[in-house]
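# Per-entry structural report
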Amino acid sequence: MEILVCVKRVPDTAENEIVVNSKGTDIERGDLVYSVNEWDNYAVEEAIQIRDNAGGSVTVVTVGDGDAEEILRREMAMGADKGILLSDDAFNGSDGKGIAAILKAEIAKGQYDLILTGAQADDGAAQVGGMLAAMLDMPYASLVNKIEIVSDKVIKIGREIEGGNQEMSEIDLPCVLSIQTGINEPRYVGIRGIRKVASVEIPVHGAGDLGIAAGSVGAAGARVKRVDYFVPPMGEGAEMLEGSTDEIAEKLIELLKSKGGIK
Amino acid sequence: MTQPIFAYISHKNGTADDSAFELIVAAKKIDPAAAVTAVVCGAGAELDAVCSTMAAVYPDVWKVSNPALAYPNAEVLRGVLVSILPAGAITLAPHDTFGMDLSPGLSIKLNAAFVPDVVGIEGIDGANLKTIRQEFGGQVSTHVLCDISAGAVLNVRSGCFLSDDSKASGSVTDKSGQAGDCKAKRRFLEVVAAEVGDVDITKSDVLVSVGRGIEDQENIGIAQELADTIGAVVSCSRPIVDAKWLEKARQVGTSGKTVKPKVYIALGISGSFQHLGGIKGNPFMVAINKNPKAPIFQVADIGIVTDLLEFVPELTDKIKEMK
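Residues numbered from 1 in each chain as written. Chains lettered and ligands numbered in written order. Predicted model: local features only at pLDDT ≥ 70, side-chain atom pairs only at ≥ 80, totals over all residues.

### Describing the overall build of chain B
Scanning chain B for helices and strands turns up nine helices and 18 strands. Counting only residues that meet the buried cut, chain B has 53% of its 323 residues in that class. For chain B, restricting intrachain contacts to residue pairs at least 6 apart in sequence, the fraction spanning at least 24 positions comes to 66%. (Helix = DSSP H or I, 4+ residues; strand = E, 2+ residues; numbered from the N terminus. Buried ≥ 20, exposed ≤ 12 C-beta atoms within 10 Å, placed from the backbone. Contact = placed C-beta atoms within 7 Å.)

### What about the overall build of chain A?
Counting secondary structure elements, chain A contains eight helices and 13 strands. The principal-axis extent of the C-alpha atoms belonging to chain A is close to 65 × 45 × 40 Å. Split into buried and exposed, the 263 residues of chain A put 47% on the buried side. Of the contacts made within chain A by residues no fewer than 6 positions apart, 68% connect residues no fewer than 24 positions apart.

### Looking at helix H3 (residues 74-84) of chain B
Across the 11 residues of H3(B), nine count as buried, placing the element largely inside the fold. Packed against the buried residues of H3(B) are strand E4 (36-42), strand E5 (60-65), helix H4 (97-109) and strand E13 (186-192) of chain B.

### Examining unusual backbone geometry
With omega at -5°, the peptide bond leading from A:Leu173 into A:Pro174 counts as cis. Tracing the sequence through the fold places A:Pro174 in the loop between strand E9 (166-172) and strand E10 (175-179). For B:Asn111, which is not a glycine, the phi torsion comes out positive at approximately 50°. Assignment of secondary structure puts B:Asn111 in the loop between H4 and strand E7 (113-118). Accessibility expressed as a C-beta count within 10 Å gives 12 for B:Asn111, which makes it exposed. Backbone geometry places B:Lys244, a non-glycine residue, at a positive phi of 65°. Within the element layout of this structure, B:Lys244 appears in the loop between helix H6 (238-242) and strand E16 (263-267).

### Remarks on the domain arrangement of chain B
Residue and element names in this part refer to chain B. Segmenting chain B into domains produces domain 1 (5-178) and domain 2 (201-322). Computed from C-alpha atoms alone, the centre-to-centre distance between domain 1 and domain 2 is 34 Å. Of the residues lining the interface, five residues belong to domain 1; the matching set on domain 2 comes to seven residues. Here the residues of the side of domain 1 that touches domain 2 sort into no nonpolar, four polar and one charged. (Domains from an automatic or database assignment. Nonpolar A, V, L, I, M, F, W, Y, C, P; charged D, E, K, R; others polar.)

### Considerations on the nonpolar core
One finds A:Val5 and A:Leu132 to be the most contacted residues of the largest nonpolar core, which totals 69 residues. Sequence-distant contacts of A:Val5, defined by excluding residues within four places in its chain, comprise A:Asp40, A:Ala43, A:Val44, A:Ala47, A:Val58, A:Val60 and A:Leu116. Of all hydrophobic cores here, the second largest spans 59 residues; its members include B:Cys51, B:Leu85, B:Val118 and B:Val156. (Core = buried A, V, L, I, M, F, W, Y, C linked by C-beta atoms within 7 Å.)

### A closer look at the interface of chain B and chain A
The interface is formed by 72 residues belonging to chain B together with 70 residues belonging to chain A. Among the elements that make up the side of chain B that touches chain A, the one with the highest residue count is strand E10 (residues 140-147) of chain B (eight residues). Partitioned by chemical class, the residues of the side of chain B that touches chain A number 34 nonpolar, 16 polar and 22 charged. Both strand E12 (residues 224-230) of chain A and E10(B) contribute to a ladder of six bridges, which runs antiparallel. Pairing of A:Arg226 across the sheet is with B:Val144, part of E10(B). (Pairing = 2+ DSSP bridges.)

### Some points on the packing of helix H3 (residues 96-107) of chain A against helix H4 (residues 128-136) of chain A
Residue and element names in this part refer to chain A. Interaxial distance between H3 and H4 falls to 9 Å at its minimum, and their mutual angle equals 50°. Looking at the two axes, H3 sits oblique to H4. Seen along the crossing, H3 lies across H4 with a hand that is right-handed. Mapping the contact onto sequence places Gly96, Lys97, Ile99, Ala100, Ala101, Leu103, Lys104 and Ile107 in H3 and Val128, Met131, Leu132, Met135 and Leu136 in H4. Class assignment of the residues belonging to the contact of H3 with H4 gives a composition of 10 nonpolar, one polar and two charged. (Axes fitted to C-alpha atoms, helices over the stretch in contact; angles between N-to-C directions. Parallel < 35°, antiparallel > 145°, perpendicular 65-115°, else oblique. Left-handed = near helix turned anticlockwise from the far one by under 90°.)

### Overview of the sheet that holds strand E5 (residues 82-86) of chain A
Spatially, E11(A)-E5(A)-E4(A)-E1(A)-E6(A)-E10(A)-E7(A)-E8(A)-E9(A)-E13(B) is the arrangement adopted by the 10 strands of the open sheet, whose pairing is mixed. Each having just a single partner strand, strand E11 (204-205) of chain A together with E13 of chain B make up the two edges of the open sheet. In this structure, strand E7 (residues 140-149) of chain A lies alongside E10(A), joined through three bridges in parallel fashion. Across the sheet, A:Ala141 pairs through a bridge with A:Leu177, a residue of E10(A).

### A short note on the environment of B:Gln251
By the secondary structure assignment, B:Gln251 is in the loop between H6 and E16. Residue classification places B:Gln251 among the buried positions, given that 26 C-beta atoms sit within 10 Å. Along the backbone, B:Gln251 and B:Leu47 are 204 residues apart, and their C-alpha atoms lie at a distance of 32 Å. Those residues in contact with B:Gln251, other than ones at most four positions away along the chain, are A:Gly164, B:Cys236, B:Arg238, B:Val241, B:Gly256 and B:Lys257.

### Thoughts on the confidence of the model for chain B
When pLDDT drops low, the exact placement of atoms in the prediction is not to be read closely. For chain B, mean pLDDT is 95; residues scoring 70 or higher make up 100% of the total. Reported confidences for the modelled complex are a pTM of 0.93 and an ipTM of 0.94. (pLDDT = per-residue confidence, 0-100.)

### Concerning the pairing of E9(A)
Side chains of E9(A) alternate between two faces, with A:Glu167, A:Ser169 and A:Ile171 buried and A:Gln166, A:Met168, A:Glu170 and A:Asp172 left unburied. Sheet topology places strand E8 (residues 154-160) of chain A next to E9(A); seven bridges connect them, and they run antiparallel. Residue A:Ile157 lies in a different strand from E9(A), and its bridge partner there is A:Ser169. The pairing of E9(A) with E13(B) spans six bridges and is classified as antiparallel. By the bridge assignment, A:Met168 is partnered in E13(B) with B:Glu190.

### Remarks on the sheet that holds strand E17 (residues 284-289) of chain B
Strand order in the open sheet formed by six strands is E13(A)-E18(B)-E17(B)-E16(B)-E14(B)-E15(B), with parallel pairing between adjacent strands. Two strands lie at the open edges of the sheet, namely strand E13 (239-240) of chain A together with strand E15 (233-236) of chain B, each paired on one side alone. The pairing of E17(B) with strand E18 (residues 302-305) of chain B spans four bridges and is classified as parallel. Across the sheet, residue B:Ile288 finds its bridge partner in E18(B), namely B:Ile304. Packed on one face of the sheet, helix H5 (residues 220-230) of chain B meets strand E14 (206-210), E15 and E16 of chain B and runs near 170° to E14(B).

Laid out in structure tokens, this is it:
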């Protein structure tokens with residue numbers, strides 16, 4: 001099974017507080033720690049497990065600048081066979097459709113049976129996988145939390161739906177699936193693993209290599225544009241307890257008692 | 001603006017989803033004068049029941065009946081919508097597990113712009129619709145301009161456009177003849193019900209809920225001890241289940257359990273909308289988190305910015321002393 005996994009480099013929200021810059025044009029990116037989007041990590045792990053059972057290869061691809069190479073190497077250290085970086089100034093400012101169009105152009109150059117994305121990334125949009133599938137005329141399923149290979153023509157999948165229920169379907173190959181967290185336990189990647197792939201060459205494809213017309217992607221081609229970042233005025237918000245640990249604990253106990261929180 | 005607006009109506013067992021009553025409110029925010037049509041797809045008597053409910057809310061209802069639509073398969077429904085919707089339409093759908101499955105691909109096939117997870121609508125500005133979204137798990141918001149000149153698909157977050165008791169005496173138009181072949185490369189098999197755990201968190205008045213901030217599986221004991229001391233049950237947010245530290249049956253959220261406690265103590269939970277979506281009945285909420293920017297502080301009654309791993313054991317000891 002030839003598997004392609006689309007990944008994204010994002011600010012790691014577990015490591016950073018996200019703060020809007022003074023002009024509201026962006027978040028403060030100076031000190032941010034970046035990592036691979038959490039959902040993508042599950043997608044890559046799933047791809048590796050499928051390959052190890054059914055044979056084939058795993059390719060990881062991302063749209064980004066030179067810095068995005070580090071996450072491709074990280075996923076290769078996990079076990080992906082190959083990385084491809086899609087990078088071009090013309091890609092900057094793409095909306096979700098633009099990113100999907102860039103990925104589609106790369107996919108058209110290969111032969112893939114299964115294309116995976118994370119269910120969503122830092123912007124919470126959850127859109128690229130579904131758009132990509134529609135562009136490729138492949139079937140699609142979002143929020144996939146189970147994959148069972150039935151044959152080289154069809155697989156069985158579970159989707160996580162409301163209330164923790166699981167919707168089971170069969171889907172023809174080739175297809176695009178967006179992967180939900182919890183589908184597996186992504187393996188740990190150590191420094192040694194990263195060193196092993198440090199010198200592997202990662203091809204970089206630009207708009208020209210992909211046959212993408214200037215203006216069809218990037219800011220020029222985007223119909224959906226972020227205008228600013230802001231923090232909405234807090235509603236009433238929480239009453240913040242301050243003081244020494246003792247004082248806070250005592251106040252909290254009093255409140256919990258009055259609300260029936262201590263039996 | 002002269003573009004018609006359509007709302008995709010989710011329904012189950014003959015009852016329309018809450019989103020059906022919210023999408024018309026969102027539509028009026030886009031254009032108070034727009035003609036808004038509810039699109040209801042399904043089969044049998046259940047479909048007719050939903051259509052008549054919607055006709056009391058929407059001025060127009062389009063009904064699409066086909067045995068293949070008895071269970072909502074996004075791929076089949078995309079085909080139906082592409083064949084019935086006029087060019088340039090603005091289509092609204094709920095940002096839930098179905099809408100996430102349907103809308104991105106629908107926007108491509110309609111050649112319309114797509115805005116996912118819309119939490120606010122500010123109105124039309126020239127060719128653009130100005131909407132509000134959130135990023136980074138709700139830590140920051142953004143204004144998003146969407147060029148709607150060739151139509152748009154908007155996925156709308158639940159609970160952001162509260163039902164305004166819209167009344168209508170709408171007419172139902174049968175569009176079944178235009179539904180197409182309803183064939184799909186993805187075929188629904190069955191729904192597997194969520195596993196039942198050894199503890200029913202929906203039955204407890206007091207929940208001590210742990211999130212990513214608990215940092216380590218071993219630290220869950222800290223939450224358990226507090227819960228034991230105050231007579232509460234331990235629940236959790238999604239990352240704890242993903243890490244397999246607690247069973248799925250303890251997860252609060254749209255993809256987990258919906259709970260209605262009197263008191264909810266959130267330990268190291270950032271407060272994503274998916275998590276908060278599982279907390280109903282407006283409980284007294286205490287949030288303890290070391291990130292002062294955590295969105296949970298906007299909805300909690302009481303907030304404490306501190307390291308829960310140090311604070312919670314001290315709190316537990318103090319309560320024990322009192323007893």
